[in-house]
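Commentary on secondary and tertiary structure
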Amino acid sequence: MRSYSTLWRKPMRRQDLDRTVLLGILILSGALLAGDVEAQQAATTHTIFMNVVEYKGTTTTEKLAPPSINPATLSKGYVYKGPGEAEKTAPQQWEIDSYAFAPGFVTVPQGDTVAVRVFVVNGDKHEVSVFAPDGQVAVPPATWTRGGEYQVSLKAEKAGTYKLLCAIHGPSMTASILAMPR
Ligand SMILES: [Cu+2]
């Protein structure tokens, strides 16, 4: 059996040289990749644009019977106008509305900052707070009115769901910001 030192005294064969070069390339690309992952993991700020919208649906009792449960009892963000109430001139008509943030769901890596810019298109008045994953108030309530653009910035320090909630139209008028653990 040859000793270790004997092995290294041998002149390098072409095949060995190729292997050495390949190994060098692998180490180099590994280092570059690690640097890339490091850069990707650096905390950043995400600017997210949302709109406050009001979804509307309308039909008539001739086409469909009104819902058996009044949607307004399920959330303050749901509006129900029954036959005769929705449109005086068309007593068969009934209508439903729902106030919402669009988009209503956003995902960011934990530790990143989210700057949410919300434009109020529908609904004259909203009362919006932000809650951290543990339920604590992250941004105290503020009144947002139609036509205004409002910004809330928060650093998603905890993993879990941060919630923008409108007290006037809750619980359905909610936008969830899910901070994924790094
Ligand atoms: Cu609202």
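Criteria and cut-off values
Residues numbered from 1 in each chain as written. Predicted model: local features only at pLDDT ≥ 70, side-chain atom pairs only at ≥ 80, totals over all residues. Heavy atoms only, no water. Helix = DSSP H or I, 4+ residues; strand = E, 2+ residues; numbered from the N terminus. Contact = heavy atoms within 4.5 Å. Pairing = 2+ DSSP bridges. Axes fitted to C-alpha atoms, helices over the stretch in contact; angles between N-to-C directions. Salt bridge = Lys/Arg side-chain N within 4 Å of Asp/Glu carboxyl O. Buried < 20%, exposed > 50% of the residue type's maximum accessible area, 1.4 Å probe, protein only.

Moving on, we get to the environment of M180. Residue placement: M180 occurs in strand β10 (residues 174-180). C-alpha of M180 to C-alpha of V108: the two residues are 72 residues apart in sequence and 6.1 Å apart in space. With residues near it in sequence (within four places) discarded, M180 still touches T107, V108, P109 and Q110.

Turning to the sheet that holds strand β6 (residues 125-131), a few remarks are in order. Sheet strands associate in pairs through backbone hydrogen bonding, adopting either a parallel or an antiparallel arrangement. With mixed pairing, five strands are arranged side by side in an open sheet as β4-β10-β9-β6-β7. Every other strand in the sheet has two partners, leaving β4 (105-109) and β7 (137-145) as the edge strands with one partner each. Going across the sheet, the axis of each strand differs from the next one's by a mean of 15°, ignoring polarity. The sheet contact formed by β6 and β7 spans six bridges and is antiparallel. What sits directly across from E127, in β7, is T143.

This part covers the pattern of salt bridges. Under the criterion given, the structure shown has seven salt bridges. One salt bridge in this structure joins R182 and D112, with 2.5 Å as the shortest N-O distance. Within this pair, whereas R182 is found in the segment after β10, its partner D112 is found in the loop between β4 and β5 (113-120), the two being separated by 70 residues in sequence. For the salt bridge of R117 with E149, the shortest nitrogen-to-oxygen distance reads 3.2 Å. In this pair, R117 is assigned in strand β5 and E149 in strand β8 (residues 149-155), connecting sequence segments 32 residues apart. R117 gets classed as partly exposed once you look at its relative accessible area, which sits at 28%. Note on E149: relative accessible area 41%, which makes it partly exposed. Each of the salt bridges in this network shares a partner with another, and the network as a whole consists of K56, K81, E95 and D97.

Scope: geometric values only; no functional claims are made or implied.
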